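# Summary of the model geometry
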Amino acid sequence: MPTIHVDGKPYEVEEGRNLLHACLSLGFDLPYFCWHPALGSVGACRQCAVKMFKDEKDTRGRIVMACMTPAADGTRISIEDPEAKEFRASVIEWLMINHPHDCPVCDEGGECHLQDMTVMTGHVHREYRFRKRTYRNQHLGPFVNHEMNRCIQCYRCVRFYCDYAGGRDFGAFGIRDRVYFGRHRDGTLENEFSGNLVEVCPTGVFTDKTLQKHYTRKWDLQTAPSVCAHCGVGCGTIPGERYGALRRIRNRYSREVNGYFLCDRGRYGYEFVNGERRIRQPLVRGGPGAPPGPADRAEALSRAASFLGRKGWAIGIGSPRASLESNFALRELVGPDRFCMGLCRAEASLLPRIADLLRSGPARPASVLDVQEADAVLVLGEDVAGTAPRIALALRQRVPAAAGRRAGELHIARWNDAAFRHVLQNARAELYLATSAPSRLDGLATATFRGAPQEVARLGWAIAFGLTRGGPTAVPGLSEETRSLADAIAEGLKRATRPVIVSGTGSGSAEVLKSAGLVAQSLCRAGLPARLCLVVPEWNSLGLALLGGGRLREALALLEQGAADTLVVLENDLFRRVGPAQAEALLAAARHLIVVDHVETETSRRAAVVLPAATFAEASGTVVNFEGRAQRHYQVLAPQGEVQASWRWLRDLTTAEGSGPQASPWQDLDDLDEALARSVPALAGILEAAPPADWRAAGMKIARQPHRYSGRTAMFAHLSVHEPMPPEDPDSPLRFSMEGFEGRPPPALVPRFWAPGWNSVQALNKFQSEVGGPLCGGEPGRRLIGPAPQEGRAAAPDEPAPAAFVAREGRWLVVPLHEVFGSEELSSLSPGIAERSPRPYVALSPGEAAGLGAAGGDELEVEIDGRSLRLPVRETPGLPQGVGGIPVGLQGLVGLDLPSWAKIRKPG
C-alpha cells in the first residue's frame, strides 16, 4: 500500500486513489464541491487545494488540487499550510460572488454542503459590492424544485444526470461564468433518477418539491433506518417525520444494494402514508349491504374473533407487501396448511422457482454491486428499467475491460472521470438484451433480441447449449439469425471473468426463468464464476416465497367445499392479484371477510371487519430482497389512533379468539422473530439481520431525533403545557427522543448521517471504512440464500427447449409491460407519482396497428382474460409480430393474467 505524508505524518492509503479520496478516508476535513465518490474527479471547483512538496527538503511546495492528484507512494502534502488555506478561502469567495446568501429561506438550510465548506474554510467576509448575476428558474416537474441563482458551477448535476444516469433532457448551457444548468425549456425531468439531484447538488439549486408542501427544517426531522417499499431491490432509505406525518425520503447508503442513489419511485412514493385512503380506525359492517363503519377496538376484535370461533375454519391470505413477521403471524393464526401467499398465478408459480434456483446454485445470487461490476451481462425477459430501476442504473455503470486496460496503459486512473471517459468514448461492456418489448437500455446493448417469451426462452436454451456443447444445434427451428446471435452471446459470456445473468418475474414466463438458470449453470460448468440476478416484483416477494404457502385457487377450493367460511386478508387487494370475476368468486365463497390493511382497497370495502395496519413508517419489521438479503425497517413515527403493526392485530385476534395466551407468546418483535426462526429454518438468519431490541450503546438507546431537534413542548401545547412522555418502542434499540446515543451505531441502526462540521449528506464519508467503501461494521442486513458452492448441482441443459412461438390469426399474445411510475401499487397513490404515470394503453408495432386501421392514440377494443377493455394504442417499434403489450398495475388494468392471448380490433 502507498504511504503518503500529510502535514508531516505518514499514512498508508489504498492503491489507485487520489489525494482527496485518501485524505477524507483518513478522517481529514478537506473541503470540496465538484468531486463525488460515485462520479469521480473533474477538477472544476478548485476547492480541495493542498500544498504539495517534492521531498522532505522542499519547504516551498506548490498548490495542487487534491482530487486531481494521485495518492502515490511518498507523496508529501500539507492541508494546514497557510498558503493552501488562504487559497481555499479565496476560491469559495469567488464561487459565492453571485450566490444570493439566502440561507434563512433556502430549503437546503441546515444540511447544505456549501454552508459546511464555507465554515470549514473560515470564509466569513465578502467584499463584492456589485449587481449579482440572476437567472430565471424552471419548472422541472412534480419532484424537483429549481433555484438556479444558488449555483456555484460544480457540474455535479449534469455529470450525474447525463453521464451517470443516462438522462438526455438536461445540460449545461452558456459560457464562462454564465453557465445555466437545466433543460432547454421548462418541463418535467424525464429520467427516473432525477430526484438524486437534490442530494448530489452541494447547494440549494435542486430541492425536494414534495417536502415544500409540508416543509420543516432538517434538524427537526425525526428519522430512522428503513427499506424502500416499492420494488424487490430493497434499497436503504431514511424517512423523515414531523408532526405525525412522513415528510420525505432520503437515500441510506448500502454499498452492495443501492450505493448513493435511489430511483424517483422510491424517493417520492412515500405520500400514501399521509394519504386520504389511509385506514386509521377499525371498521365494522353494520348489516348486509352496508359499508363498513367506524367502531372501537374492542368491538372490532370481538366481531372478528366471533368469525374465528372454530379453530381451523379460516383461511389466511398473506401479501408480499407485508413484513415477514406479519405473514408469519397470519400463518400461525390460521395454520400453515391454510395459509395462502396471496399472489397472482404467474408470481405464485415463479417465486418458488426463483427461491429454488438461488438456493440450489451453482450460480451465486448477485447483488446490485455485482451487476455493476460485471464485465458481461445477459438479460433474459426482464425489463429491469421498469421493474428494478436501481439495477438498470447499475447496468449503465459497467466499463469494458478493454477500456480499463487502455486507460491503464495511458496511466489514467478510474477516478479521473473526464480523461477516463475520453478513453472510453462510445465503448460499452458487453450487454445482451433479450426481451419481448423495447427497453430504455437498448442504446447500451451490444446486441438485442425481440421475441415472444417462448422465443426469448429458446434463445436462452440455445446459449446454454452453445456454452456446454459447442453450438445451439439442439434447439430446433431457430432461424439462422438467431443461431448466429446465440453463438455470439455464448462467446461473449465465455470471454467474461464476472458474467451475470439477469431475469425475473417480469415476463410472467416460467420458461424464460428456467432458461436463465440453464445459462447460469452452463457458465459454471464451463468454470466461470457466474452470478444470477433474479428480479422479484415487491419488497418482500422473496421472503414470502421462502415462508411458503398455498395459492389463491386452493383457497377458493376450500371455501367452495365448505372446509372454511372465513377469509383473513393481510395487506392485500385481491382485485390486483386476480381478475374481478375471480376476486368476486373468492369473496362470495367466504361467509366472513376480515381485512388487515393500511390503505382502502376494493377488497377492504367488502370486508365485515377492517383493522387499521401500520405502514412501513409506523412499524418495524423484516423483509427479504431479490438477492435473499433480510433487512430490517424501523418505525419512524408513532401511529395515530388505533393503528398498529399488522402482526399485533393478528396476535390480538389469536388471544381474543379464546386460544389463550399460550397460543400467542409474542410480546415484541424479537419474540416473533425467534418463533419464526424456529418454525421456518430457511428464515432462521433473520435473527442476525439487525441487533435485537435490547441492544444498547453505553447503556443507551439510539436517538431518532437529532440533538438540535426543537419545539417538543410547543408541538403539543394545544393539549398540555407539559411535554408528554415519548412513545415506547419495545421492538427496536431506537427511542422517540433526542436523548440517547449519538455515536456511531451498527450499520443497520444508523438513523441519519451526521458528523461535526458535516451537516449535509456528505457526512456519510465519516461512517464508511473508506470513502465509497462499506459502512464501518459491514453491510446492513443478512443474506439468507447462498453463496452456493461452485461445485454444487449444475445439471447440463439437456431438457427439450420450448416449442417455437406461432402467431395466431386475429389474435395477439399480450405481454406485461412495466412502467416506473404507475405499475407499483403503493407509490401510485402519491400525487407526484400519479402525475408521472401514463394513461392505460395497448402497445402494438406500427405495422400491426396500421393493419387494424389505427394510429397512435386511436382506441381499440381488447378482449383479454375474460374482460373487454377499450384502450388507446401506443405505437411501439420493435414489438415482434403477433405480440402486443399492456402496462400492468395502471388504473383499469389490474388483475390481468399476463402473458395471455387477446383479440384486438377497432370498436364497432
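Refer to the structure above for everything that follows.
Along each chain, numbering runs from 1 in the same order as the chain's sequence is written. The model is predicted, so local features are restricted to residues of pLDDT at least 70 and side-chain atom pairs to those at 80 or more, both for listing and for counting; the totals for chains, interfaces and linings are taken over all residues. Water and hydrogen atoms play no part in the side-chain values, which are based on all heavy atoms of the structure.

### Quick word on the environment of Gly 259
We count a stretch as a helix when DSSP gives it H or I for four or more residues in a row; a strand needs E for two or more, and each element gets its number in order from the N terminus. Note on placement: Gly 259 falls in the loop between strand 13 (245–251) and helix 7 (264–268). Summary of the burial criterion: residues with accessible area below 20% of their type's maximum are buried, those above 50% are exposed, and those between are partly exposed, where the area comes from a 1.4 Å probe applied to protein chains only. Gly 259 sits in the buried class, given a relative accessible area of 10%. When the C-alpha atoms of Gly 259 and Gly 773 are compared, they prove to be 9.3 Å apart, with 514 residues separating the residues in sequence. A contact between two residues is defined here by any heavy atoms of the two lying within 4.5 Å. Dropping the residues within four chain positions of it, Gly 259 is found in contact with Asn 251, Tyr 253, Ser 254 and Arg 390.

### Focus: the packing of aromatic side chains
To pair, rings of Phe, Tyr and Trp, with the six-membered ring standing in for Trp, must have centres within 6.5 Å; the planes then decide the type, stacked if under 30 degrees apart, edge-to-face if over 60, and tilted in the middle. If you walk through the whole model with that rule in mind, you get 19 aromatic pairs. When the ring of Phe 143 is compared with that of Tyr 268, the centres are 4.4 Å apart and the planes differ by 5°; the resulting orientation is stacked. Taken together, the residues span a long stretch of sequence, with Phe 143 in the loop between helix 3 (113–121) and strand 6 (144–146) and Tyr 268 in helix 7 at a distance of 125 residues. Here the two residues Phe 143 and Tyr 268 agree in accessibility, since each one is buried. Linked through ring pairs, Phe 160, Tyr 164, Tyr 253, Tyr 260 and Phe 261 together constitute an aromatic cluster. Here, a charge over a ring means that NZ of Lys or CZ of Arg falls within 6 Å of the ring centre while also lying within 35 degrees of the ring normal. Taking the ring centre of Tyr 709 as reference, the NZ or CZ of Arg 242 above it sits at 4.9 Å.

### A few points about the side chain of Arg 250
For Arg 250, the position within the fold is in strand 13. Looking at Arg 250, its side chain comes within polar contact range of the side chain of Glu 111, at 3.2 Å. If near-sequence neighbours (up to four positions away) are discounted, Arg 250 is found in contact with Glu 108, Glu 111, Val 198, Glu 199, Gly 236, Thr 237, Ile 238, Leu 262, Arg 267 and Val 761. In protein, a polar contact requires one atom able to donate a hydrogen and another able to accept it; more generally it is a pair of N or O atoms within 3.5 Å, and residues adjacent in sequence count only if both atoms are side-chain atoms.

### Quick look at the sheet that holds strand 14 (residues 283–285)
In any sheet, the strands associate via hydrogen bonds between backbone groups, in a parallel or an antiparallel arrangement. Spatially, 15-14-26-25-24-16-17 is the arrangement adopted by the seven strands of the open sheet, whose pairing is mixed. Both edges of this open sheet fall to strand 15 (292–294) and strand 17 (339–340), since each of them pairs with a single strand only. Of the strands in this sheet, strand 14, strand 24 (566–570), strand 25 (592–597) and strand 26 (609–612) touch helix 8 (residues 297–307), which is tilted by about 130° from strand 26. For helices, the fitted axis covers only the stretch in contact; all axes are lines through C-alpha atoms, and the angles between them, taken along N-to-C directions, range from 0 to 180 degrees. Helix 9 (residues 324–334) rests against strand 16 (314–317), strand 17 and strand 24 of the sheet, and its axis sits at about 170° to strand 16. For two strands to pair, DSSP has to find at least two bridges joining them.

### Thoughts on the nonpolar core
By nonpolar core we mean a set of buried residues, namely Ala, Val, Leu, Ile, Met, Phe, Trp, Tyr and Cys, connected to one another through side-chain atoms within 4.5 Å. Formed by 151 residues in total, the largest nonpolar core has its most connected members in Ile 391, Ile 463, Leu 493, Ile 501 and Val 519. It is helix 16 (residues 453–469) that contributes the most residues to this core, nine residues altogether. Excluding residues that lie within four positions of it along the chain, Leu 493 makes contacts with Ala 376, Leu 378, Ile 463, Leu 467, Pro 499, Ile 501, Val 519, Leu 523 and Leu 528. Ile 4, Leu 39, Ala 755 and Trp 758 belong to the second largest nonpolar core, which has 79 residues in total.

### Quick notes on the pairing of strand 27 (residues 621–624)
With burial as the criterion, each face of strand 27 is covered, one bearing Gly 621 and Val 623 and the other bearing Thr 622 and Val 624. Between strand 27 and strand 28 (residues 629–633), which pair antiparallel in sequence order, lie four residues; one of them, Gly 628, sits at a positive phi of approximately 85°.

### As for the pattern of salt bridges
What makes a salt bridge here is a side-chain nitrogen of Lys or Arg within 4 Å of a carboxyl oxygen of Asp or Glu, nothing more. If you walk through the whole model with that rule in mind, you get 53 salt bridges. Between Lys 766 and Asp 29 there is a salt bridge whose closest N-O contact spans 2.8 Å. Of this pair, Lys 766 sits in the loop between strand 30 (734–735) and strand 31 (782–783) while Asp 29 sits in the loop between helix 1 (19–25) and strand 3 (49–53); the two residues are 737 residues apart in sequence, bridging distant segments of the chain. The exposure class of Lys 766 is partly exposed, given its relative accessible area of 21%. The salt bridge partner of Glu 627 is Arg 629, with a shortest N-O separation of 3.0 Å. Taken as a pair, Glu 627 and Arg 629 share a single burial class, namely buried. A network of salt bridges, in which partner residues are shared, links Glu 256, Asp 370, Arg 531, Glu 627, Arg 629 and Arg 783.

### What to know about the packing of helix 2 (residues 82–95) against helix 3
The interhelical angle for the contact between helix 2 and helix 3, taken along N-to-C directions, is 140°, at an axis separation of 9 Å. At the point where helix 2 passes helix 3, the crossing takes the left-handed sense. Residues Arg 88, Ala 89 and Ile 92 of helix 2 lie in contact with helix 3, whose contacting residues are Leu 114, Met 117, Thr 118 and Thr 121. Each residue belonging to the contact of helix 2 with helix 3 can be placed in one class, and the counts come to four nonpolar, two polar and one charged. In this scheme the crossing of two helices becomes right-handed for a clockwise turn of the near helix relative to the far one and left-handed for an anticlockwise turn of less than a right angle. Here the term charged refers only to Asp, Glu, Lys and Arg, the term nonpolar to Ala, Val, Leu, Ile, Met, Phe, Trp, Tyr, Cys and Pro, and the term polar to all other amino acids, Gly among them.

### What about helix 4 (residues 156–164)?
Counted residue by residue, helix 4 has seven buried out of nine residues, so it is predominantly covered. Along helix 4, the residues classified as buried are Arg 156, Cys 157, Val 158, Arg 159, Phe 160, Tyr 161 and Tyr 164. Immediately beyond the C-terminal end of helix 4, within one or two residues, lies Gly 166, with a positive phi of roughly 80°.

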